[in-house]
Amino acid sequence: MSLKDRITDDMKAAMRAKEADRLSTIRMLLAACKQKEVDERIELDDAAVVGIVDKLIKQRKDSIAAFQQAGRTDLADKETAEVAVLSAYLPQRLGAEEIAAEVRALVAELGAAGPGDMGKVMGAAKARLAGKADMALVSAAVKQALAQ
């Protein structure tokens, strides 16, 4: 079963269970997937769906920070609930040690020498670790590896 099919089944289950908040989040995710398919005239695979989920989670986290800064805990709580629903569709994430090991391997593989090679290493890391790791952690690991 593809990830998109699983999301659709979860939407149906949320409808039957009358879980309005969960249903609206899943519908938002499906709408984002459909929009990408229509815009690019493609059929999304699991990796592309994971990319969309990652993007939506990042947007929600940015919103949470803004709402908390503005003192709007009600809206921050709503966004936090959406992040929890969306996170269920992500694969198991790599830990900090695993990310550092992957980055070290990439740096050695590409022959990167210093901070000037950050873009080259990040491009390769994004291709290899997309959906498997938080890119903010990957970026920090790349900076640390290239600084040595």
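Because the structure is a prediction, the values reported are computed rather than measured.

Participant: Explain the packing of helix H2 (residues 20–40) against helix H4 (residues 73–87) here, please?
Facilitator: Axes are the key here: two packed helices are described by the angle between their axes and the distance separating the axes. Contact geometry for H2 and H4: axes closest at 10 Å, N-to-C directions at 60 degrees. Every pair of crossing elements has a handedness; the one defined by H2 and H4 is right-handed. For the pair formed by H2 and H4, the contact residues are Arg 22, Thr 25, Ile 26, Met 28 and Leu 29 on the first element and Glu 82, Val 85 and Leu 86 on the second. For the contact of H2 with H4, the residue count by class is five nonpolar, one polar and two charged.

Participant: Looking at this structure, I do not really get helix H6 (residues 118–129). What am I missing?
Facilitator: Owing to its 3.6 residues per turn, the α-helix brings residues three or four apart onto one side. With twelve residues, H6 should reach 16 Å at 1.5 Å per residue; the first-to-last C-alpha distance of 15 Å fits that figure. Along H6, the residues that are buried comprise Met 118, Val 121, Met 122, Ala 125 and Leu 129. Buried residues of H6, viewed axially, fall in a sector of 100 degrees; they line one side. Across from the buried face of H6, at angles greater than 90 degrees, the exposed residues are Gly 119 and Ala 127.

Participant: Would you explain helix H5 (residues 96–110) in this entry?
Facilitator: In this model, H5 (15 residues) spans 21 Å end to end at C-alpha, consistent with the 21 Å of a helix rising 1.5 Å per residue. Within H5, burial applies to Ile 99, Ala 100, Val 103, Leu 106 and Val 107. Angular distribution of buried residues about the axis of H5 spans 125 degrees; they occupy a single face of the element. Summarising the geometry of H5, the exposed residues directed more than 90 degrees from the buried face are Glu 97, Arg 104, Ala 108 and Glu 109. Phi turns positive one or two residues past the end of H5, at Gly 111, with a value near 70 degrees.

Participant: How do you make sense of the side chain of Glu 37 when you look at a structure like this?
Facilitator: Positionally, Glu 37 belongs in helix H2. Ignoring sequence-local partners within four residues, the contact set of Glu 37 consists of Lys 4, Ile 42, Glu 43 and Leu 44.

Participant: In this structure, what is going on with unusual backbone geometry? I would like to understand it.
Facilitator: Leaving glycine aside, a negative phi is the common case for residues, and trans is the common case for peptide bonds. Unlike most non-glycine residues, Lys 18 shows phi in positive territory, near 60 degrees. For Lys 18, the position within the fold is in the loop between helix H1 (3–17) and H2. For Lys 18, a relative accessible area of 73% translates into the label exposed. In this structure, Arg 41 is a non-glycine residue whose phi angle is positive, near 55 degrees.

Participant: Can you help me understand the nonpolar core in this one?
Facilitator: If you look at soluble globular proteins, the nonpolar side chains tend to sit buried side by side. In terms of nonpolar packing, the biggest core is built from 22 residues, with Ile 7, Ile 26, Leu 29, Val 49, Val 53 and Tyr 89 touching the most fellow members. The set of elements that each furnish at least two residues to this core consists of H1, H2, helix H3 (46–70) and H4. Among the elements that make up this core, the one with the highest residue count is H3 (seven residues). If we ignore the near neighbours within four places in the chain, the residues touching Val 53 are Leu 29, Leu 86, Tyr 89 and Leu 90. Counting 16 residues, the second-largest nonpolar core is a separate cluster that includes Ile 99, Leu 106, Val 142 and Leu 146.

Calculation rules
Counting of residues starts from 1 at the beginning of each chain's written sequence and follows it residue by residue. In view of the model being predicted, local features appear only for residues whose pLDDT reaches at least 70, and side-chain atom pairs are presented and counted only at 80 or more, with totals across whole chains, interfaces and linings using the full set of residues. For side-chain calculations, the full set of non-hydrogen atoms in the structure is used, while hydrogens and water are omitted. Angles here are taken between N-to-C directions and fall from 0 to 180 degrees, while the axes themselves are lines fitted to C-alpha atoms, restricted in helices to the stretch in contact. Where helices and strands are cited, they refer to DSSP runs of H or I of at least four residues and of E of at least two residues respectively, numbered from the N terminus. Crossings are sorted by hand: turned counterclockwise from the far helix by less than a right angle, the near helix makes the crossing left-handed, and turned clockwise it makes it right-handed. Contacts are assigned to residue pairs with any non-hydrogen atoms lying within 4.5 Å of each other. All residues other than Ala, Val, Leu, Ile, Met, Phe, Trp, Tyr, Cys, Pro, Asp, Glu, Lys and Arg, Gly among them, are scored as polar; the first ten of these are nonpolar and the last four charged. In a helix, the anticipated span is given by 1.5 Å times the number of residues less one. Summary of the burial criterion: residues with accessible area below 20% of their type's maximum are buried, those above 50% are exposed, and those between are partly exposed, where the area comes from a 1.4 Å probe applied to protein chains only. To be clear, the arc concerns the directions from the helix axis to the C-beta atoms. For our purposes a nonpolar core is just a set of buried Ala, Val, Leu, Ile, Met, Phe, Trp, Tyr and Cys residues, chained together by side-chain atoms within 4.5 Å.

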